[in-house]
Amino acid sequence: YGGMGLDFSYNIAVAEELGNIRCGGIPMAIGVQAGMATPALTRFGSHELKKQFLVPTIAGDFVACLGISEAGAGSDVANIKTTAVRKGDEYVINGGKMWITSGSQADWMCLLANTSEGPPHQNKSLICLPMNLPGIHVAKKIDKLGMRSSDTAQIFFEDVRVPCKNLIGEEGKGFTYQMLQFQEERLWGVATALTPMETIIQETIDYTRQRKVFGQPVLHNQTVHFRLAELATEVELLRSLLHRAVALYVEGNDVTKFASMAKLKAGRLTREVTDSCLQFWGGMGFTSEVLVSRFYRDLRLMSIGGGTDETMLSIICKYMDILPRK
């Protein structure tokens, strides 16, 4: 379908390199295309669907977006309300999606919707939805704290008709497919955060080495150089966990626990690194002119998007068999 036939470790290598871009929005947009909206289609979609949607997406002619989150259901995927009711050989879609990256410009959406009234984990399906159909309303581009270069939309569906053949895989398997898709999304997100953290640490070293306070460089204060050493160590530990998870994933293992651990740690560590380093920049750190303040805003999303820290903790507890049963 136009790809290079490489394994997932190459996605991660690309993601780490994209971290050299001096903002979070561009790597995130590429990540949606390569690791969030397309894995389910690649794995479970029909040949016809892949020809129609995957080929132009890989070629870069189509922009893809992922339609999961709603105003009342973010990390709680099972609670989505958007419906796709089968009528003849079409689905009629009603509802809405929120926080949709690339939503204002997307050519198609990988949409998760309720296709029956069964149990919440068995009544959902993924559908390839062209974004130029009647009844699709892109309400607004959302004004955000960070990732400000990223187009994030709120979208409504009003009696949108899409052919049933646009269903990805089997009806009712959408939740399961999305949980698999989430693993790649979370690993990608971790990988894109590593290089920015290293960059911020290095730029903070350079700044505190030349910035003098009370007659000596800021860097010469033990609290500063010890803290930077701690942060650099944490980043390396996260990289090791990521690479272990990816190696296991490439071999075909379930890495849900490790991916959740890495995502949890990345969300917390990006906050720790950017906050600690911003402090060492003093007043300059509180301006929009320096990279550390941009990443302070951009990387805050890591603890929210693709599943919150708290959701990651619940998943880890489930795999440890310590989550209380309902």
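Residues numbered from 1 in each chain as written. Predicted model: local features only at pLDDT ≥ 70, side-chain atom pairs only at ≥ 80, totals over all residues. Heavy atoms only, no water.

Counting its regular elements, the protein chain contains 9 helices and 10 strands. Its C-alpha atoms give the protein chain a radius of gyration of 21 Å, within 12% of the compact-globule value 20 Å for 326 residues. Taken over the C-alpha atoms alone, the protein chain extends approximately 80 × 40 × 40 Å along its principal axes. Here the protein chain, with 326 residues, has 51% of them falling under the buried criterion. Across the protein chain, the fraction of contacts at a sequence separation of at least 24, relative to all contacts at a separation of at least 6, is 74%. Surface exposure of the protein chain reaches about 15,600 Å², of which carbon and sulfur atoms provide 54%. Between the centroid of the 34 positive side chains of the protein chain and the centroid of its 34 negative side chains there is a distance of 3 Å. (Helix = DSSP H or I, 4+ residues; strand = E, 2+ residues; numbered from the N terminus. Rg over C-alpha atoms; globule rule 2.2 N^0.38 Å. Buried < 20%, exposed > 50% of the residue type's maximum accessible area, 1.4 Å probe, protein only. Contact = heavy atoms within 4.5 Å. Areas by Shrake-Rupley, 256 points an atom, 1.4 Å probe, with all protein chains shown as cover. Lys, Arg positive; Asp, Glu negative; His and termini not counted. Charge placed at Lys NZ, Arg CZ, Asp CG, Glu CD.)

Once that is clear, we can look at helix H8 (residues 291-298). Within H8, burial applies to Leu291, Val292, Ser293, Phe295 and Asp298. Where H8 is buried, its residues meet helix H2 (25-36), helix H5 (174-210) and helix H7 (256-280).

A separate point is the nonpolar core. In summary, soluble globular proteins display a tendency toward joint burial of nonpolar side chains. Ranked by internal contacts, the top residues of the largest apolar core, which has 67 residues, are Leu187 and Val273. Element by element, the count of residues in this core is highest for H5, at 14 residues. For this core, the domains that each give at least three residues are domain 1 (37-170) and domain 2 (176-320). The residues touching Val273, leaving out its near neighbours within four places in the chain, are Met197, Ile200, Ile201, Leu231 and Val235. (Core = buried A, V, L, I, M, F, W, Y, C linked by side-chain atoms within 4.5 Å. Domains from an automatic or database assignment.)

For the rest of this paragraph, the subject is the side chain of Lys50. Examined against the element boundaries, Lys50 turns out to sit in helix H4 (residues 47-59). If sequence neighbours within four positions are ignored, Lys50 has contacts with Tyr1, Leu41, Thr42, Gly45 and Val55.

The element strand E5 (residues 124-130) is largely enclosed, with a buried count of 7 among its 7 residues. Of the two faces of E5, the one holding Lys124, Leu126, Cys128 and Pro130 and the one holding Ser125, Ile127 and Leu129 are both buried throughout. Note that strand E4 (residues 108-114) and E5 share 7 bridges and pair antiparallel. Counted as the bridge partner of Asn114 is Lys124 from E5. Direction of pairing for E5 relative to strand E8 (residues 167-168): antiparallel, over a ladder of 2 bridges. (Pairing = 2+ DSSP bridges.)

Those places that UniProt annotates as "domain: Acyl-CoA dehydrogenase/oxidase C-terminal" (unreviewed entry) correspond, in this numbering, to residues 172-318. What you have in residues 172-318 is 74% helix and 3% strand, and the ends, taken at the C-alpha atoms, are 23 Å apart. (UniProt positions renumbered as here; feature names shortened; annotations may be inferred.)

Time to look at unusual backbone geometry. Peptide bonds are, in most cases, trans, and in most cases residues other than glycine have a negative phi. Here Trp99, not a glycine, exhibits a phi torsion of approximately 65°, which is positive. Within the secondary structure, Trp99 is located in strand E3 (residues 90-101). Of the residues examined, Trp99 reaches a relative accessible area of 48% and is grouped as partly exposed. The residue Asp159 is not glycine, and still its phi comes out positive at about 50°. Residue position: Asp159 is located in strand E7 (residues 152-163).

As a further point, take the packing of aromatic side chains. What describes a pair of aromatic rings is the distance from one ring centre to the other and the angle between the planes of the rings. Inspection of every chain in the model, using the stated rule, returns 4 aromatic pairs. Considering the side-chain rings of Phe8 and Tyr249, the 5.2 Å spacing of their centres and the 75° angle between planes classify their relative orientation as edge-to-face. Placement of the pair is Phe8 in helix H1 (residues 8-18) and Tyr249 in helix H6 (residues 222-250), with a sequence separation of 241 residues. Pair check on accessibility: Phe8 and Tyr249 agree, each one buried. With 5.3 Å between their ring centres and 50° between their planes, Phe53 and Trp108 make a pair best called tilted. (Phe/Tyr/Trp six-rings, centres within 6.5 Å; stacked < 30°, edge-to-face > 60°.)

Glancing now at the layout of surface pockets. If you add up the space inside the second largest pocket, you get close to 820 Å³. It is H1 that contributes the most residues to the lining of the second largest pocket, 4 residues altogether. The class makeup of the residues in the lining of the second largest pocket is 12 nonpolar, 8 polar and 3 charged. (1 Å grid on protein atoms, 1.4 Å probe; cavity = no way out; pocket = protein on both sides within 12 Å on 5 of 7 lines; lining within 4 Å. Points joined across faces, edges and corners; volume = space filled by probe spheres on them. Nonpolar A, V, L, I, M, F, W, Y, C, P; charged D, E, K, R; others polar.)

On the surface, Met4, Leu6 and Tyr10 cluster together to form a nonpolar patch covering roughly 370 Å² of accessible area. Along the chain, the position of Tyr10 falls in helix H1. (Patch = residues over 30% accessible without salt bridge, like charges linked within 9 Å, V, L, I, M, F, W, Y side chains within 5 Å. Salt bridge = Lys/Arg side-chain N within 4 Å of Asp/Glu carboxyl O.)

Another aspect to go through is the pattern of salt bridges. Summed over the entire model, instances satisfying the criterion amount to 18 salt bridges. A salt bridge links Glu236 to Arg239; the shortest N-O distance between them is 2.8 Å. Taken together, the residues span about one helical turn, with Glu236 and Arg239 both in helix H6 at a distance of 3 residues. In this structure Arg239 comes out as buried when scored by relative accessible area, which is 13%. Each of the salt bridges in this network shares a partner with another, and the network as a whole consists of Glu16, Glu198, Glu236 and Arg239.

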